[in-house]
Amino acid sequence: MDTIQAACAQLAVHQDRYVQELSEVIERADRQRDNEYDQLRARLSKATSEIKTLRSELKRTRSQVEDLTTQVADEAARTVELLHEQYSPKSESTKAKRRQGVMRTDGQSEGGNPSFSGQIKKFSVAPPPRPRNRNGRGAKNWEGLERIEIPMDFPKTCPCPCPCGCGGTIRSFYPDEKREVIPAKFYIVVRRYLRYRCRKDDVTVGTLYKPTLMPGVTSGSSMLAYLVTMRYGWGMPMYRIENMLNHSGTTYHRATMCKQIGRLAAELGHVTSELQRHTLDDASRIFFDETVLKILRPGEGKTGQSYMYAAHRDDSSFGGNAPRSTVFFHRTSRSMAHIHGILGGKSLIVQHDGYAGYGRLGQPGSDVENIVSVECWVHARRNFIKAAQTMESNLPNEVVEMMAELFDVESILRGQTPAARLTYRNERSQAVVQKLHSRLRGMSSRTLQKDRLGKAINYTLERWDSLTLFLRDGRIDLDTNPVERQFKPIILQRKGSLFIGSEEGGAYVGCDVLIG
């Protein structure tokens, strides 16, 4: 550009007019080109600035889209989880601690329990599922199994040449691990006790027999333990156990099994008595429930209903270290007299399902006046879940949500001391309970009393004092699930047999379940 301007300056001083005009044209064209170049450069700078602005806006928009996508996924996961908790077949056994990423903001004041601080409740998206194992075999979890080395037979030419004849030597060993089983072996134990001929009295003198649990029975202790475990531990019917033993080469009739198992229960009565003392006399809090068990009614041509009551002690929820124990009581009916007969004279906290037979527990002047009666939040929640299944209103779901907040707090408190549980409940659960009570009273005035929702509200309000005892005693839990889980052997007993033969047989079942 400078060279062109210098050349034009030289041509301008030339005498020829044509040359002068030509230099002027070239100079104008050069200036025009400079102007256009400056304009293009200004436009380019402006476009570059706009591109930078658009890129920053695009980045910010993408960040907003990602945040919104995460929020939508969180809400979708929470909705699916709540629907599953309320409407799944196992909704009653669903606990708040199973929720994805459930944590709570503590916000404690000074002097609170520091172990609860920094916990934030968040409904997060479930982690992506692990890739499916498609090789037909899962992970080996064999740490608890004994490993038995089996030497392998090698060719006699080893360790010198390779089997192919190349002369290579052994380099290493490849371990081939497989699971194997040694089937149960049934055998006859023959114990030969010495007998002597006494020359002094001219009589035969024998030696003392080894003490046994059931003298005179053809089955030893290990065989009796096997029968009880198979019947009540694994829930196998007697006829199936009989077939298994027959295939093993030993004849063992079902009638003999029943008689020996019943006698074993009678012989172990002192064990049951000790369990009753540990469960009912030494405990400060127990769970109590009952379930149906069919019983034979001779002369009526049909079976009747009897009940198996269970008292379960589990102090682990409030930091206790006493062993868990369960005692079963067979009774012919579900009347209040049987409940008072079991709990009469005891002084403890009894958590139950709210059946009317427990209605007079703690009544002054009765033999159960020292019982603290506590009812179950799960049974109260169940009524609102049933109402939500048949109603389009969101009110039942709202109540279930507030109850879920109480269970969320309890999932944090499990295993803490009663004092710590009570302090944290007063800080967290007290406000939820007050809010729930106000909401239920407000809903009660606008709901039909005979409606399913109205019945659920009345059920909860009528038992409100008993339900809220957990705010005054740190040993109390919200539900009776621990004792309900103890009925699994009884339920398997119901499925594996048509009925029990007598009340005595029901008592034997309760004892044998504890052994199995």
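Peer 1: Can you help me understand the overall build of the protein in this one?
Peer 2: Counting secondary structure elements, the protein contains 15 helices and seven strands. Across the 516 residues that make up the protein, the buried fraction comes to 34%. Counting contacts in the protein only where the partners sit at least 6 residues apart, residues at least 24 apart contribute 61% of the total. Summed over all atoms, the accessible surface of the protein reaches about 33,800 Å², with 53% contributed by carbon and sulfur.

Peer 1: What is the right way to look at the packing of aromatic side chains in this model?
Peer 2: Any pair of aromatic rings gets described here by the distance separating the centres and the angle formed by the planes. Summed over all chains, the structure comprises eight aromatic pairs. Measuring from ring centre to ring centre gives 6.0 Å for Phe288 and Tyr358, while their planes differ by 85 degrees; the resulting arrangement is edge-to-face. Taken as a pair, Phe288 in strand β3 (residues 285-297) and Tyr358 in the loop between β6 (349-351) and β7 (372-374) lie far apart in primary sequence, 70 residues in all. Just as Phe288 is buried, Tyr358 falls in that class too.

Peer 1: Before we go on, may I ask you to explain helix α11 (residues 452-462) in this structure?
Peer 2: Side chains three or four residues apart in an α-helix point the same way, a direct result of the helix having 3.6 residues per turn. Within α11 the residues assigned to the buried category are Leu453, Gly454, Ala456, Ile457, Asn458, Tyr459 and Thr460. Packed against the buried residues of α11 are α8 (377-390), α9 (395-413), α10 (418-444) and α12 (464-467).

Peer 1: Any chance you could explain a nonpolar patch on the surface here in plain terms?
Peer 2: Nonpolar side chains collect at one region of the surface, where Leu194, Tyr196, Val203 and Val205 lie side by side and expose about 360 Å² of accessible area between them. Judged by its relative accessible area of 39%, Val203 is partly exposed.

Peer 1: What's the story with the sheet that holds β3 in this structure? I'm lost.
Peer 2: Backbone-to-backbone hydrogen bonds join strands into a sheet, with any given pair of strands oriented parallel or antiparallel. Across the sheet, which stays open at both edges, the five strands sit in the order β5-β4-β3-β6-β7 with mixed pairing between neighbours. Edge positions in the open sheet fall to β5 (325-331) and β7, since each of these has one partner strand only. Taking each pair of neighbouring strands and ignoring which way they run, the sheet shows an average axis angle of 30 degrees. Pairing of β3 with β6 involves three bridges; the strand directions are parallel. Among the inter-strand pairings, Arg285 is bridged to a residue of β6, identified as Ile349.

Peer 1: Any chance you could explain unusual backbone geometry here in plain terms?
Peer 2: The phi angle of most residues is negative, glycine excepted, and most peptide bonds adopt the trans form. A positive phi angle, near 55 degrees, is found at Asp202, a position not held by glycine. Note on placement: Asp202 falls in the loop between β1 (195-198) and β2 (203-206).

Peer 1: Even after reading the chapter, I still don't get helix α6 (residues 269-281), so can you show me in this structure?
Peer 2: With 13 residues, α6 should reach 18 Å at 1.5 Å per residue; the first-to-last C-alpha distance of 17 Å fits that figure. Residues of α6 that are buried include every one of Thr272, His278, Thr279 and Leu280, and no others.

Peer 1: Sorry, what's going on with the side chain of His312 here?
Peer 2: Mapped onto the fold, His312 is located in strand β4 (residues 302-313). At 3.3 Å, the side chain of His312 and the backbone oxygen of Ser325 are in polar contact.

Peer 1: Would you mind showing me how to read the pattern of salt bridges here?
Peer 2: Opposite charge on two side chains permits them to pair, given that their charged atoms come into close proximity. The tally for this structure, following the rule as stated, stands at 19 salt bridges. Notably, a salt bridge pairs Asp202 with Arg197, separated by 3.1 Å at the nearest N-O pair. For the pair Asp202 and Arg197, a shared accessibility class is recorded, and that class is exposed. When the shortest N-O distance is used, the salt bridge between Arg313 and Asp315 registers 3.1 Å. Under the relative-accessibility criterion, Arg313 is labelled buried at 7%. A relative accessible area of 5% means that Asp315 is categorised as buried. Salt bridges sharing common partners tie together Glu274, Arg277 and Asp282.

Peer 1: I keep staring at a positive patch on the surface and nothing clicks. Help me out?
Peer 2: Side chains of Lys386, Lys450, Arg452 and Lys455 sit close together on the surface and give a patch of like positive charge. Within the secondary structure layout, Lys455 lies in helix α11.

Peer 1: What should I look at first to understand the confidence of the model for the protein in this one?
Peer 2: Atom-level detail of predicted coordinates should not be read off regions where pLDDT is low. Averaged over all residues, the pLDDT of the protein is 81; the fraction at 70 or higher stands at 82%. The secondary-structure element of the protein with the lowest mean pLDDT is helix α1 (residues 2-12), recorded at 62, while β6 shows the highest, at 95. For residues 91-125, every residue scores under 50 in pLDDT, and the model assigns this stretch 92 contacts once sequence neighbours within four places are set aside.

Peer 1: Help me understand the packing of helix α3 (residues 221-233) against helix α5 (residues 254-267), please; the structure alone is not making it clear to me.
Peer 2: Helices that pack against each other are described as a pair by the angle of their axes relative to one another and the distance between those axes. For the pair α3 and α5, interaxial distance at closest approach is 10 Å and the crossing angle is 100 degrees. Put simply, α3 runs roughly perpendicular to α5. Where α3 approaches α5, its residues Leu224, Leu227, Val228 and Tyr232 are matched on the opposing element by Met257, Gln260, Ile261 and Leu264. Residues belonging to the contact of α3 with α5 are distributed by class as follows: seven nonpolar, one polar and no charged.

Peer 1: Would you mind showing me how to read the pairing of β2 here?
Peer 2: In summary, the side chains of a regular strand alternate between the two faces of the sheet. Strand direction decides the pairing type here: β1 and β2, joined by four bridges, are antiparallel. Each bridged residue has a counterpart across the sheet, and for Arg197 the counterpart in β2 is Thr204. The turn linking β1 back onto β2 is made up of four residues, and Asp202 within it adopts a positive phi angle of 55 degrees.

Peer 1: Explanation requested: the environment of Leu478 in the structure shown.
Peer 2: Positionally, Leu478 belongs in the loop between α12 and α13 (481-484). Judged by its relative accessible area of 3%, Leu478 is buried. Between the C-alpha atoms of Leu478 and Leu406, which are 72 residues apart in sequence, the distance is 8.5 Å. Beyond its immediate chain neighbours, meaning those up to four positions away, Leu478 contacts Gln351, Glu375, Cys376, Trp377, Val378, Leu406, Phe407, Glu410 and Phe470.

Calculation rules
- Residues numbered from 1 in each chain as written.
- Predicted model: local features only at pLDDT ≥ 70, side-chain atom pairs only at ≥ 80, totals over all residues.
- Heavy atoms only, no water.
- Helix = DSSP H or I, 4+ residues; strand = E, 2+ residues; numbered from the N terminus.
- Buried < 20%, exposed > 50% of the residue type's maximum accessible area, 1.4 Å probe, protein only.
- Contact = heavy atoms within 4.5 Å.
- Areas by Shrake-Rupley, 256 points an atom, 1.4 Å probe, with all protein chains shown as cover.
- Phe/Tyr/Trp six-rings, centres within 6.5 Å; stacked < 30°, edge-to-face > 60°.
- Patch = residues over 30% accessible without salt bridge, like charges linked within 9 Å, V, L, I, M, F, W, Y side chains within 5 Å.
- Salt bridge = Lys/Arg side-chain N within 4 Å of Asp/Glu carboxyl O.
- Pairing = 2+ DSSP bridges.
- Axes fitted to C-alpha atoms, helices over the stretch in contact; angles between N-to-C directions.
- Expected span 1.5 Å × (residues − 1).
- Polar contact = N/O pair within 3.5 Å; in protein donor to acceptor, adjacent residues only side chain to side chain.
- Lys, Arg positive; Asp, Glu negative; His and termini not counted.
- Charge placed at Lys NZ, Arg CZ, Asp CG, Glu CD.
- pLDDT = per-residue confidence, 0-100.
- Parallel < 35°, antiparallel > 145°, perpendicular 65-115°, else oblique.
- Nonpolar A, V, L, I, M, F, W, Y, C, P; charged D, E, K, R; others polar.

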